[in-house]
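One-letter residues, chain by chain:
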Amino acid sequence: MCSVTYRPLPPERIIALARQAGLEHIEWGQDAHVRLGDEAGVGRLGEATRAAGLSVSALGSYYQAGVPADPEEAEHLWRQVLAAARALGTPRVRVWAGDLASASAGPADRRRTLDRLKRCVDSAGDIVVATEFHAGTLTDEIESALSMLDEVPGLRTYWQPPNGMPDDEALAGLRAVLDHVDAVHVFSWWPTSEDRLPLDHRAALWRTVMGVLASTGRRIDASLEFVPGDDPGMLTGEAATLRRYVDEVCPVGSGSGPPSGAG
């Protein structure tokens, strides 16, 4: 699960909920649960997660590549994010591909964002850098996202269904970027972000997504990001639904094990 599912809750409560729901990992969000500059506290958070039998899949940072424009400020902020990721003991840090929609970003804006993303990847060492797949960034349109990924070797990406996009179009986008996908944010919004539905209301979409992920033969994290009403009582049921979709394409005892980890 993503800790931003329950931003107001303390980390110990989120860990307990994840355990109760039978999940495997937590992506800790920087905006609510990871304080930049407090490596000791962040380290304790990672230790508490692992002590509960869970892994830390990622630091969900809100670092926007190319923002601020000043290179020294941008580098200082990135160093804080990277230090937090190392303290947390995570294999991946999620970043944002700028703060402009691809249609609005001029050549200079795009170049600045790509240069910063390259700097992030080059300085991250063994930590994977992956972009959020989100409106208002260079990943808001498939051609833009693919161009970005091609221009920054080593950069990976998340995927999620764009708000209001029909299933077939969303799935075509997933298949287009699949080779670059390391994680998927799982939620059921339709048709807007104000309409937060149970996963089974988009069962056809998510069953197909899990099949597409399984076809890669790679481990790709599938992380619950939002639940209806932000209700902690919904998590166990939503986790069971996600696990069912995973098990349908990677049955227990099939020999290969699931390429997608439900988190």
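Details of the structure are given in the entry above.
Heads up: these notes are all about the structure in this document.

Rules of the game
- Residues numbered from 1 in each chain as written.
- Predicted model: local features only at pLDDT ≥ 70, side-chain atom pairs only at ≥ 80, totals over all residues.
- Heavy atoms only, no water.
- Buried < 20%, exposed > 50% of the residue type's maximum accessible area, 1.4 Å probe, protein only.
- Helix = DSSP H or I, 4+ residues; strand = E, 2+ residues; numbered from the N terminus.
- Arc of directions from axis to C-beta.
- Contact = heavy atoms within 4.5 Å.
- Polar contact = N/O pair within 3.5 Å; in protein donor to acceptor, adjacent residues only side chain to side chain.
- Core = buried A, V, L, I, M, F, W, Y, C linked by side-chain atoms within 4.5 Å.
- 1 Å grid on protein atoms, 1.4 Å probe; cavity = no way out; pocket = protein on both sides within 12 Å on 5 of 7 lines; lining within 4 Å.
- Points joined across faces, edges and corners; volume = space filled by probe spheres on them.
- Nonpolar A, V, L, I, M, F, W, Y, C, P; charged D, E, K, R; others polar.

Examining helix H5 (residues 142-151)
- Among the residues of H5, Ile142, Ser144, Ala145, Met148 and Leu149 are the ones counted as buried. Seen from one end, H5 has its buried residues packed into an arc of 165 degrees, which puts them on one side. Exposed residues pointing more than 90 degrees away from the buried face of H5 are listed as Glu143 and Asp150.
- Looking at the buried residues of H5, the elements they touch are helix H4 (107-123), strand S4 (128-131), strand S5 (156-159) and helix H6 (167-177).
- Two or three places before Glu143, at the start of H5, stands the capping residue Glu141, its side-chain oxygen 3.1 Å from that residue's backbone nitrogen.

Focus on the nonpolar core
- Trp78, Trp159, Trp206 and Met210 are the most contacted members of the largest nonpolar core, which totals 71 residues.
- In this structure, Met210 is in contact with Val186, Ala222, Leu242, Tyr245, Val246 and Val249, ignoring residues within four places of it in sequence.

Describing the layout of surface pockets
- Taken as a whole, the largest pocket holds about 400 Å³ of empty space.
- In terms of lining, the largest pocket is formed by 26 residues, of which the most central are Phe133, His134, Ala135, Gln160 and Pro162.
- Ranked by residue count, the leading element in the lining of the largest pocket is H6, at four residues.
- Partitioning the lining of the largest pocket into residue classes produces 15 nonpolar, five polar and six charged.
- Volume-wise, the second largest pocket comes out at about 160 Å³.
- Pro11, Ala32, His33, Val34, Arg35, Asp38, Gly41, Val42 and Leu45 together form the lining of the second largest pocket.
- Take the lining of the second largest pocket: its biggest share by element is three residues, from helix H2 (residues 39-51).
- Classifying every residue of the lining of the second largest pocket gives five nonpolar, two polar and two charged.

The quantities given are spatial measurements derived from coordinates; they are silent on function.
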